[in-house]
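Now for the letters of each chain:
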Amino acid sequence: MFQGASAINLDAKGRMSIPAKHRDALAVQCEGRLTLTKHPHGCLLFFPRPVWESHRDQIAAWPMSARAWQRIFLGNACDVEMDSAGRILISPELRQAVGLTRDVMLLGMGTHFEIWDAAKLADNEQEAVAGGMPDVLSNFSF
């Protein structure tokens, strides 16, 4: 289970260092083989390859009425591998698609990660809080 937020800087080539707390787990779970794809909320989804392959098969089986959503998820999927320094290269197309700049946030979301432009994530979270908790969470409590 991946959880927690990590502030990361992309280098000039678009490489992102995977935090040490996740690097070892990813090396064991998927031998550093990963997949990135676009999410319509404005972030990238970042999967260990075996987790992605399960999602990919489900997405590929969607009906024709979901073709546009297949294009978003499958059409933008990019396989990457961690290098010896524990970095991944995020393609210029994916960086541009979700507005990634130098300052990014990596969020552990259980079985996968989200990669956000740091300023965009802060705005998104502020909007979510201002909008109040959705009804579906009315019975949730810590």
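Residues numbered from 1 in each chain as written. Predicted model: local features only at pLDDT ≥ 70, side-chain atom pairs only at ≥ 80, totals over all residues. Heavy atoms only, no water.

The protein is annotated in an unreviewed UniProt entry as Transcriptional regulator MraZ from Massilia soli. Recorded in UniProt under Subcellular location (unreviewed entry), the annotation for the protein is "Cytoplasm, Nucleoid". (UniProt positions renumbered as here; feature names shortened; annotations may be inferred.)

Colleague: In this structure, what is going on with helix α1 (residues 20-30)? I would like to understand it.
Modeller: Residues H22, L26 and C30 constitute the buried set of α1. Around the axis of α1, the buried residues are gathered within 35° of arc, so they sit on the same side. Summarising the geometry of α1, the exposed residues directed more than 90 degrees from the buried face are A20, K21, D24 and V28. Along its buried surface, α1 packs onto β1 (2-9), β3 (33-39), β4 (43-48), α2 (49-60), β7 (103-110) and β8 (113-117). (Buried < 20%, exposed > 50% of the residue type's maximum accessible area, 1.4 Å probe, protein only. Helix = DSSP H or I, 4+ residues; strand = E, 2+ residues; numbered from the N terminus. Arc of directions from axis to C-beta. Contact = heavy atoms within 4.5 Å.)

Colleague: Would you mind showing me how to read the nonpolar core here?
Modeller: If you look at the biggest cluster of nonpolar residues, it comprises 22 residues, and the most contacted ones within it are M16, L26, F46, I88, I90 and I115. Only β1, α1, β3, β4, α4 (92-98), β7 and β8 provide two or more residues apiece to this core. L26 has contacts with F2, I18, E31, G32, L34, F46, P48, M82 and F113, leaving out every residue within four places of it along the chain. Ranked by size, the runner-up nonpolar core spans six residues in total, among them F47, V51, W52 and F73. (Core = buried A, V, L, I, M, F, W, Y, C linked by side-chain atoms within 4.5 Å.)

Colleague: Whenever I open this one, the sheet that holds β3 confuses me. Can you help?
Modeller: Adjacent strands of a sheet form backbone hydrogen bonds with each other and so pair up, either parallel or antiparallel. Strand order in the open sheet made by the six strands is β1-β7-β8-β4-β3-β5, with antiparallel pairing throughout. Strands with a single pairing partner mark the edges of an open sheet, and in this sheet they are β1 and β5 (78-81). Within the sheet, the average angular offset between the axes of one strand and its neighbour, ignoring direction, is 25°. Note: β4 against β8, three bridges, orientation antiparallel. Looking at the pairing, L44 lines up with I115 of β8. (Pairing = 2+ DSSP bridges. Axes fitted to C-alpha atoms, helices over the stretch in contact; angles between N-to-C directions.)

Colleague: Help me understand unusual backbone geometry in this model?
Modeller: Negative phi is the rule for most residues except glycine; trans is the rule for most peptide bonds. Its identity as a non-glycine residue notwithstanding, E31 has a phi of 55°, on the positive side. Structurally, E31 can be placed in the loop between α1 and β3.

Colleague: Looking at this model, I keep getting lost on the environment of W116. Mind explaining?
Modeller: Looking at the element boundaries, W116 is found in strand β8. Other than its neighbours up to four places away in sequence, W116 contacts H41, G42, C43, L100, D103, V104, M105, L107, L121 and N124.

Colleague: Hey, could you run me through the pattern of salt bridges in this one?
Modeller: Where charged atoms from two side chains of opposite charge come close, those side chains can pair. The final tally for this structure, using the stated rule, is four salt bridges. The partner of D83 in a salt bridge is R87, and the shortest N-O contact between them spans 2.9 Å. (Salt bridge = Lys/Arg side-chain N within 4 Å of Asp/Glu carboxyl O.)

Colleague: Explain α2 to me, please; I cannot follow it from the model alone.
Modeller: One turn of the α-helix equals 3.6 residues, which is why residues spaced by three or four share an orientation. An ideal rise of 1.5 Å per residue puts 16 Å on 12 residues; α2 measures up with 16 Å between its terminal C-alpha atoms. For α2, every residue scored as buried is listed here: R49, V51, W52 and I59. Summarising the axial view, the buried residues of α2 lie within an arc of 145°, below the 170-degree limit, and thus occupy one face. Where α2 is buried, its residues meet α1, β3, β4, α3 (67-73) and β5. (Expected span 1.5 Å × (residues − 1).)

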